[in-house]
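Here's the letter readout for the chains.
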Amino acid sequence: MHILMITDNDPAGMGIAFTKAINRYTEHTCRLITTAEKYGFAYEKDIHIPDIKADDYGEIEQLLKDADIFHFHILRDENSHLGPLLIRDYIKGKKILHHHHGHPNFRANSEYYRDKYQKSKRKVLVSTPDLLHLVPEATWIPNLVDLSDPLIAPAPEPENPPVVIGQAPTRKELKNTDVLIEVVRMLQTREDLPELELRIIEMMPHRRCLVKKRACHIIFDHMQGYYGVSSLESLSQGKPVIAGLDDWNIMYIKKFAGTDDLPWVIARDKSQLEKNLARLATDQDYRKAIGRYSRKFMKYHWNEQTVVRALTTVYEAL
């Protein structure tokens, strides 16, 4: 099958990640068209509309004609344009699915989108299990990371103080960054703890972000009940990752991963965050053991092949 992914900005780099994984591990072919870029993350591109010259839309039109499946990400649909090309003009005979990644507009108007997809009888994918509350008939396809990427590989943690706690939030106001700052400041006053440093990693290219996360001892994702791509990257780097996973997400993750032994250090409130950060900061053996299992978990329970197999099963059933 020929799959054409279409999105505005690439959500957490997952458009290009899925595209490369499909081409690497399956007999299908996949291309990605992006129309915008947000936050300056500089994810790798396939076809990026702002880079296309006015007379270079022939390849895009051919991709639209040849595609067996249109895989729309975020809020894109067939009523949008790719330069001078209206996607709707090319949907006859195509299989179509919509992949949601938690966009605020989708969260606020989920009934509108749910009704729209039910009327059109289209398949819906979601990137995290919490979004199944909004679209119960959707299928959760986990995000993925390339474990062969050198910047995703484990590195020896810095041996000398301070113990570095990192967070890489796209939007701090949504990721409990204020609570993290408050807790770390409080821990920094304790004489029974080693020297602590907090690094908020933001507004930089993704590759540079991975370098900075790799130099941390501990990574905090957020306490919103689910997990972010930041979790998956840092687990793959062999870091202990703190996140406030709720029971709903834990249930789905265990089912997908095929194990009850999850690597996340769970902190659902400020008290739990303080307790877990203190233990991770002081107990190096504990910290390193969790980091080793984090990488092992991603390698054996959340690798690209497993995720791509789940996605292609959906494609083949359309």
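Scroll up to find the structure.
On a predicted model such as this, the values are computed, not experimentally measured, just so you know.

Here is what the cut-offs are and how they apply
Residues numbered from 1 in each chain as written. Predicted model: local features only at pLDDT ≥ 70, side-chain atom pairs only at ≥ 80, totals over all residues. Heavy atoms only, no water. Pairing = 2+ DSSP bridges. Helix = DSSP H or I, 4+ residues; strand = E, 2+ residues; numbered from the N terminus. Right-handed = clockwise from strand over helix to strand, strands pointing away. Core = buried A, V, L, I, M, F, W, Y, C linked by side-chain atoms within 4.5 Å. Buried < 20%, exposed > 50% of the residue type's maximum accessible area, 1.4 Å probe, protein only. Contact = heavy atoms within 4.5 Å. 1 Å grid on protein atoms, 1.4 Å probe; cavity = no way out; pocket = protein on both sides within 12 Å on 5 of 7 lines; lining within 4 Å. Points joined across faces, edges and corners; volume = space filled by probe spheres on them. Nonpolar A, V, L, I, M, F, W, Y, C, P; charged D, E, K, R; others polar. Arc of directions from axis to C-beta. Polar contact = N/O pair within 3.5 Å; in protein donor to acceptor, adjacent residues only side chain to side chain. Axes fitted to C-alpha atoms, helices over the stretch in contact; angles between N-to-C directions.

S.K.: So what exactly am I meant to see when it comes to the pairing of strand S2 (residues 29–34) here?
M.R.: When a strand is regular, its side chains alternate between the sheet's two faces. Pairing geometry for strand S1 (residues 2–7) and S2, over six bridges, is parallel. When the sheet's bridge partners are listed, isoleucine 6 is paired in S2 with isoleucine 33. Chirality of the crossover, the property in question, places the unit of S1, helix H1 (residues 14–25) and S2 among those that are right-handed. In terms of strand pairing, S2 meets strand S3 (residues 47–48) through two bridges, oriented parallel. Bridged to isoleucine 33 within S3 is isoleucine 47.

S.K.: Looking at this model, I keep getting lost on the nonpolar core. Mind explaining?
M.R.: Across soluble globular proteins, nonpolar side chains show a tendency to be buried alongside one another. Judged by nonpolar contacts, the single largest core of 58 residues is most densely connected at Met5, Trp264 and Trp302. Setting aside anything within four residues of it in sequence, one finds tryptophan 302 in contact with Trp140, Pro142, Asn143, Tyr227, Leu232, Ile253, Phe256, Trp264, Phe297 and Val307.

S.K.: Looking at this model, I keep getting lost on the layout of surface pockets. Mind explaining?
M.R.: The rolling of a water-molecule-sized probe over the atoms marks out the regions of remaining empty space. In this structure, the largest pocket occupies an estimated 1,100 Å³ of space. Around the largest pocket, the lining is made up of 46 residues, and of these Pro11, Ala12, His101, Thr170 and Lys175 lie nearest the centre. With three residues, the single largest contributor to the lining of the largest pocket is helix H7 (residues 229–236). In terms of residue class, the lining of the largest pocket is made up of 20 nonpolar, 14 polar and twelve charged. In this structure, the second largest pocket occupies an estimated 390 Å³ of space. When contributions to the lining of the second largest pocket are tallied by element, the ones reaching two or more residues are H1, helix H6 (206–214) and H7.

S.K.: Explanation requested: H6 in the structure shown.
M.R.: Note: α-helices contain 3.6 residues per turn, so residues at a spacing of three or four share the same orientation. Turning to H6, its buried residues are His206, Cys209, Leu210 and Lys213. The arc enclosing the buried residues of H6, seen along the axis, measures out at 100°, which places them on a common side. Contacts from the buried residues of H6 go to strand S12 (218–220) and H7.

S.K.: Would you explain the side chain of threonine 128 in this entry?
M.R.: Mapping threonine 128 onto the fold places it in the loop between strand S8 (123–126) and strand S9 (139–140). At a separation of 2.5 Å, a polar atom in the side chain of threonine 128 contacts the side chain of aspartate 130. Those residues in contact with threonine 128 that sit more than four places away from it in its chain are Trp140, Tyr226 and Tyr227.

S.K.: I'm lost on the sheet that holds strand S14 (residues 265–266) in this one. Help?
M.R.: Picture the strands of a sheet paired through backbone hydrogen bonds; they go either parallel or antiparallel. With parallel pairing, the five strands of this open sheet are ordered in space as S11-S10-S12-S13-S14. What marks the edges here is a single partner per strand, and that holds for strand S11 (196–200) and S14. Pairing of strand S10 (residues 163–167) with S11 involves five bridges; the strand directions are parallel. Pairing of glutamine 167 across the sheet is with isoleucine 200, part of S11. Relative to the sheet, helix H5 (residues 177–187) contacts S10, S11 and S12, its axis offset from that of S11 by approximately 165°. Sheet strands in contact with H7 are S12 and strand S13 (241–243), and its direction is about 155° off that of S13.

Function-wise, these values are silent; they only describe arrangement.
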